[in-house]
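Breakdown of the fold
Each chain is listed here by its residues.
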2 protein chains.
Amino acid sequence: MDKYKVIEVKESIFADNDKDADKLRAQLKEQGTFLLNLMSSPGSGKTTTLKAVLERIKDKINVGVMEADIDSDVDAAAIQDIGVRSIQLHTGGMCHLDADMTRQGINEFGTDNMDMVVLENVGNLVCPAEFDTGAVKNAMILSVPEGHDKPLKYPLVFTVCDILIINKIDVMPYFDFDMAKVEEYAHMRNPDLKIFPISAKTGEGVDALCDWLLEQVAEWKK
Amino acid sequence: MDKYKVIEVKESIFADNDKDADKLRAQLKEQGTFLLNLMSSPGSGKTTTLKAVLERIKDKINVGVMEADIDSDVDAAAIQDIGVRSIQLHTGGMCHLDADMTRQGINEFGTDNMDMVVLENVGNLVCPAEFDTGAVKNAMILSVPEGHDKPLKYPLVFTVCDILIINKIDVMPYFDFDMAKVEEYAHMRNPDLKIFPISAKTGEGVDALCDWLLEQVAEWKK
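Residues numbered from 1 in each chain as written. Chains lettered and ligands numbered in written order. Predicted model: local features only at pLDDT ≥ 70, side-chain atom pairs only at ≥ 80, totals over all residues. Heavy atoms only, no water.

**Some points on the packing of helix H1 (residues 17–31) of chain B against helix H4 (residues 99–108) of chain B**
Residue and element names in this part refer to chain B. For clarity, the cut-off: Axis lines are fitted to C-alpha atoms, over the contacting stretch for helices. Their N-to-C directions set the angle, which ranges from 0 to 180 degrees. We count a stretch as a helix when DSSP gives it H or I for four or more residues in a row; a strand needs E for two or more, and each element gets its number in order from the N terminus. For classification purposes, angles smaller than 35 degrees are called roughly parallel, those larger than 145 roughly antiparallel, those between 65 and 115 roughly perpendicular, and all remaining angles oblique. Here a crossing is taken to be left-handed if its near helix is turned anticlockwise relative to the far helix by less than a right angle, and right-handed if that turn runs clockwise. Here a residue-residue contact requires only that any non-hydrogen atoms of the pair lie within 4.5 Å. Charged residues are taken to be Asp, Glu, Lys and Arg, nonpolar residues to be Ala, Val, Leu, Ile, Met, Phe, Trp, Tyr, Cys and Pro, and polar residues to be all remaining types, Gly included.
One way to put it is that H1 packs onto H4 with a least axis distance of 9 Å and a crossing angle of 25 degrees. It follows that H1 is roughly parallel to H4 by the angle criterion. For the pair H1 and H4, the sense of crossing is left-handed. Of H4, the residues touching H1 (which contributes Asn17, Asp20, Ala21, Lys23, Leu24, Gln27, Leu28 and Gln31) are Ala99, Asp100, Thr102, Arg103, Ile106 and Asn107. In terms of residue class, the contact of H1 with H4 is made up of 5 nonpolar, 5 polar and 4 charged.

**A few points about the interface of chain B and chain A**
Formally: Accessible area that two parts lose when put together, with a 1.4 Å probe and added across both, is what the buried area reports. Salt bridges, as used here, are contacts in which a Lys or Arg side-chain nitrogen is within 4 Å of a carboxyl oxygen on Asp or Glu. We call two N or O atoms a polar contact when they sit within 3.5 Å, provided that within protein one can donate a hydrogen and the other can accept it, with sequence-adjacent residues counted only if both atoms are side-chain atoms.
The interface of chain B with chain A comprises 33 residues on the first partner and 33 residues on the second. Carbon and sulfur atoms supply 59% of the area buried between chain B and chain A, which totals about 2500 Å² over both sides. It is Pro42, Lys153 and Tyr174 of chain B that lose the most area in chain B upon contact with chain A, and together they represent 22% of the buried surface on that side. Counting across the chain B and chain A interface gives 2 salt bridges. Where chain B meets chain A, there are 9 residue pairs in polar contact (both at pLDDT 80 or more). When contributions to the side of chain B that touches chain A are tallied by element, the ones reaching two or more residues are helix H3 (74–81) and helix H5 (150–153) of chain B. A total of 3 residues in the side of chain B that touches chain A trace back to one element, the largest contributor, which is H5 of chain B. The residue inventory of the side of chain B that touches chain A, partitioned by class, reads 15 nonpolar, 6 polar and 12 charged.

**A few points about the sheet that holds strand E5 (residues 116–120) of chain B**
Residues and elements named next belong to chain B. Note the following rule: One bridge is not enough; two strands pair if DSSP finds at least two bridges between them.
Here we have 8 strands laid out as an open sheet, ordered E1-E4-E3-E5-E2-E6-E7-E8, and parallel in their pairing. Every interior strand has two partners, whereas the edge strands, strand E1 (5–8) and strand E8 (194–197), have only one. If you compare each strand with its neighbour and ignore which way they point, the axes differ by 20 degrees on average. Taken together, the 5 bridges between strand E6 (residues 137–143) and strand E7 (residues 163–167) define a ladder with parallel strand orientation. Bridged to leucine 142 within E7 is isoleucine 166.

**Overview of helix H8 (residues 206–220) of chain B**
Counting along an α-helix, one turn takes 3.6 residues, and residues three or four places apart therefore face a common direction. Residues and elements named next belong to chain B. Stated formally: The span you would expect from a helix comes to 1.5 Å times its residue count less one. Each residue is placed in one exposure class: buried if its accessible area under a 1.4 Å probe, protein chains only, is under 20% of its type's maximum, exposed if it is over 50%, and partly exposed if it falls in between. The arc in question is the one spanned by the directions pointing from the helix axis to the C-beta atoms.
Between its terminal C-alpha atoms H8 stretches 21 Å, which fits the 21 Å expected from 15 residues at 1.5 Å a residue. Turning to H8, its buried residues are Val206, Leu209, Cys210, Trp212, Leu213, Gln216, Val217 and Trp220. Looking straight down H8, one finds that the buried residues subtend no more than 160 degrees of arc, so they occupy a single side.

**Notes on the pattern of salt bridges**
Enumeration according to the criterion identifies 23 salt bridges over all chains in this entry. When the shortest N-O distance is used, the salt bridge between lysine 221 of chain B and aspartate 115 of chain B registers 2.7 Å. Of this pair, lysine 221 of chain B sits in the segment after H8 while aspartate 115 of chain B sits in the loop between H4 and E5; the two residues are 106 residues apart in sequence, bridging distant segments of the chain. Taken together, the shared-partner salt bridges connect Asp75 of chain A together with Asp149, Lys150 and Lys153 of chain B into one network.

**Observations concerning the sheet that holds strand E2 (residues 34–40) of chain A**
Residues and elements named next belong to chain A. Spatially, the 8 strands line up as an open sheet ordered E1-E4-E3-E5-E2-E6-E7-E8, and their pairing is parallel. Looking at which strands have only one partner, the edges of the open sheet turn out to be strand E1 (5–8) and strand E8 (194–197). Direction aside, the axes of adjacent strands within the sheet are offset by 20 degrees on average. Bridge count for E2 against strand E6 (residues 137–143) is 5 bridges, and the pairing is parallel. Within E6, the residue paired with serine 40 across the bridge is isoleucine 141.

**A word on helix H7 (residues 179–189) of chain A**
All names here are of chain A. For H7, the complete set of buried residues consists of Met179, Val182, Tyr185 and Ala186. Along H7, the residues classed as buried sweep out an arc of 130 degrees about the axis, all on the same side. Set apart from the buried face of H7 by more than 90 degrees, the exposed residues are Ala180 and Met188. For H7, the elements touching its buried residues are E6, helix H5 (150–153), helix H6 (155–160), strand E7 (163–167) and E8. Here H7 starts with a cap whose side-chain oxygen sits 3.1 Å from the backbone nitrogen of alanine 180, and that cap is aspartate 178.

Here it is, written out as structure tokens:
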């Protein structure tokens, strides 16, 4: 496999990001590519979760990853290591991705007929939630050490997401994390939010997440 | 103690935030108030660390806290509970504080002759680092579960901070966290960065952090 490509993405010249995001979604529908936008705080385990998921589905569908980071390309390298095509997007200090930046990444996959592309957004619970990237579904990860009060403090990201992945459940015994409370608070923000408790490290709960993703991909390609 | 006040802070009307920050620092110097800007990811333990520090120094100096959050006032309530005056700043969706927003909080303390005010910034490693709040010193917390690679991914916040508090060292055995590596990466960004490994939960390392803070306050009031 070739080394992953690093792209310096630039902020959109489009004033209306929402309209531009709809346009990207229409393009994705036409080419049959399901795009998942994955958001979280720094260090919640986005890349480790992705690796656990990709190991399980990479032989079933054609999948690629776009890693957005302000700097460094450790994540793209980690994904490439397990044999999945990845692209590193450098945002040059920007705290989020918009639809045009996302398109610059998507178009790099060219005519590869991707069934699914995952956009690993910049680690940040605030700004990424404000910009529609053109993704078909939005997912977020909250890890156990971050605490169960996060839906109270960062309301928007819980509101715009379709699924909430609660990662690092293997360390539950060492933290004061109340699973019932986080579910209650998250559903206050978004009653339809689907919740997947997992441990990317031990693999617990990851199969259920993969099943959901494969269903979404099949649905999108209909 | 009266209930903490909640202020809806508005974005600055000043084009030149750096200049405005210098102005606020001059005001703080005149009134003998040391302002610490505390930054971190969501869930790294800013409030718990503050509580551990305040319990140890609140009888030695006159100290107050400004809690910045997009929504909720759970943090201001937690600080008030231990008998320290706190003010909740609501940013209305904003991902950071600037100098003018900080001033709106500072001025709420009125003629209370504060020796030290701590600004607990919005949980975010990206945007807060870009705006000088007018603080005398900048501190950040990185918690063990977030991983040791963060200085590679979020360079600016490590560059602008004077001290790095590494929190949750009590859970080191359960995570792949390399203390030597984080020190190496952090010092690549900022050779002068002072590092304090602590556990806000058990109290380990907190005394050294308090000593540093009290020294800074004394130095500022000279």
